[in-house]
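# Observations on the model geometry
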Protein chains: 2
Amino acid sequence: MNTDNTKSQMRKGMLEYCIMLLLRHQPCYANDIIQRLHEAEMIVMEGTLYPLLSRLKRDGLLGYEWRESTQGPPRKYYVLTDDGQEALRQLDASWEEILRTVNILKLEK
Amino acid sequence: MNTDNTKSQMRKGMLEYCIMLLLRHQPCYANDIIQRLHEAEMIVMEGTLYPLLSRLKRDGLLGYEWRESTQGPPRKYYVLTDDGQEALRQLDASWEEILRTVNILKLEK
DNA sequence: TATGAATACCTTGTATCGCAAGGTACTTTA
DNA sequence: TAAAGTACCTTGCGATACAAGGTATTCATA
């Protein structure tokens, strides 16, 4: 069995939730997100993150602003929009539902 | 935003885990699984379940045996193999990891 | 006996997503 | 001025959930 693949599949969709949780309180640019997720024990690849951010932007859940860096090129800082806040609430509900399901199944028999 | 799609995405991979949890203690056939998952507040489509069961069988994580039904055609009862038990332990670990990540992110700031 | 409904299994086609690999552009440093 | 570092993005691939549609067996009933 390919455990890595299963873990990868398990995280599908979860990533979106985790990133929006991250952006709840402060704007971040890509490397911030990668690092903070890493600290939370979740590995994200650039090739995963950038398309995801673009999609959330396109869907109106995220906005961004350019900020100069003290070192290197400018950075895109993403923020949650109002629609994003609302979507996050729905994701919270979905997460609770999954949590409930797994707990029910784990406790059975 | 398409909430249904997000929920669907969130469940990718989770389904595999949930089904193996279900089969831990007793053999089930497809409709059993659909019904028991429904009771645990998770909806699964036939078109999702059958290919998934076939794949887990092909990977050696599940086995099955035919059993007569008192009513209707015979049923394929799936069971966890030893490899399946081992894989389930790894999935438990992956699940704990995701749980930890989400909790960390939810508690931040 | 024949036929229709119910049950159970499976396949195909589509959309979406994570990921590896590769690419572009700007900034700093040697 | 060239090389290294930083930041952003795209392409191609494999995997998966789902809707829709299909096959086969059993049972009830006309």
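Just above sits the structure.
Scope of this entry: the structure provided in the associated data block.

Procedures and definitions
- Residues numbered from 1 in each chain as written.
- Chains lettered and ligands numbered in written order.
- Predicted model: local features only at pLDDT ≥ 70, side-chain atom pairs only at ≥ 80, totals over all residues.
- Heavy atoms only, no water.
- Salt bridge = Lys/Arg side-chain N within 4 Å of Asp/Glu carboxyl O.
- Buried < 20%, exposed > 50% of the residue type's maximum accessible area, 1.4 Å probe, protein only.
- Helix = DSSP H or I, 4+ residues; strand = E, 2+ residues; numbered from the N terminus.
- Near = heavy atom within 4 Å.
- Polar contact = N/O pair within 3.5 Å; in protein donor to acceptor, adjacent residues only side chain to side chain.
- Nonpolar A, V, L, I, M, F, W, Y, C, P; charged D, E, K, R; others polar.
- Least-squares fit on C-alpha atoms with pLDDT ≥ 70 in both.
- Contact = heavy atoms within 4.5 Å.

## Remarks on the pattern of salt bridges
Residue and element names in this part refer to chain A. In this structure the tally under the stated criterion is 14 salt bridges over all chains. Residues arginine 67 and glutamate 65 are paired through a salt bridge, measuring 2.9 Å at the closest nitrogen-oxygen approach. Of the residues examined, arginine 67 reaches a relative accessible area of 33% and is grouped as partly exposed. With a closest N to O distance of 3.1 Å, arginine 89 and glutamate 86 form a salt bridge. With a gap of 3 residues between them, arginine 89 and glutamate 86 both fall in helix α5 (residues 82-107), about one helical turn apart. For arginine 89, a relative accessible area of 52% puts it in the exposed group. Classification of glutamate 86 as partly exposed rests on a relative accessible area of 36%.

## Some words on the protein's contact with DNA strand C
For DNA strand C, the set of nearby residues contains 26 residues, the closest of which are A:Lys12, B:Asn31, B:Tyr50, B:Arg75 and B:Lys76. Expressed as a percentage, the sugar and phosphate content of the atoms of DNA strand C within 4 Å of the protein is 75%. Between DNA strand C and the protein, one listed contact pairs a base nitrogen with a side-chain N or O atom of B:Glu46 at 3.3 Å. Measuring from a phosphate oxygen of DNA strand C, one finds a side-chain N or O atom of B:Tyr50 at 2.7 Å. For the surface near DNA strand C, the secondary-structure elements that each account for two or more residues are α1 (3-11) and α4 (46-58) of chain A together with α1 (3-10), α3 (30-39), α4 (46-58) and β2 (75-80) of chain B. Among the elements that line the surface near DNA strand C, the one with the most residues is α4(B), at 4 residues. Taken together, the residues of the surface near DNA strand C sort by class into 10 nonpolar, 10 polar and 6 charged.

## Digging into the relation of the copies chain B and chain A
A rotation about some axis, followed by a shift along it, carries one copy of the chain onto the other. After a rotation of 180° and a shift along the axis of 0.0 Å, chain B superposes on chain A with an RMSD of 0.1 Å. Seen this way, the second copy is the image of the first under a two-fold rotation axis. Ranked by how close their C-alpha atoms come to the rotation axis, the residues of chain B are headed by B:Lys12, at 2.9 Å. In this assembly the copies share their binding face: 100% of the residues contributing to the interface of chain B also contribute to that of chain A.

So far we have only geometry, and geometry alone does not tell us how the molecule works.
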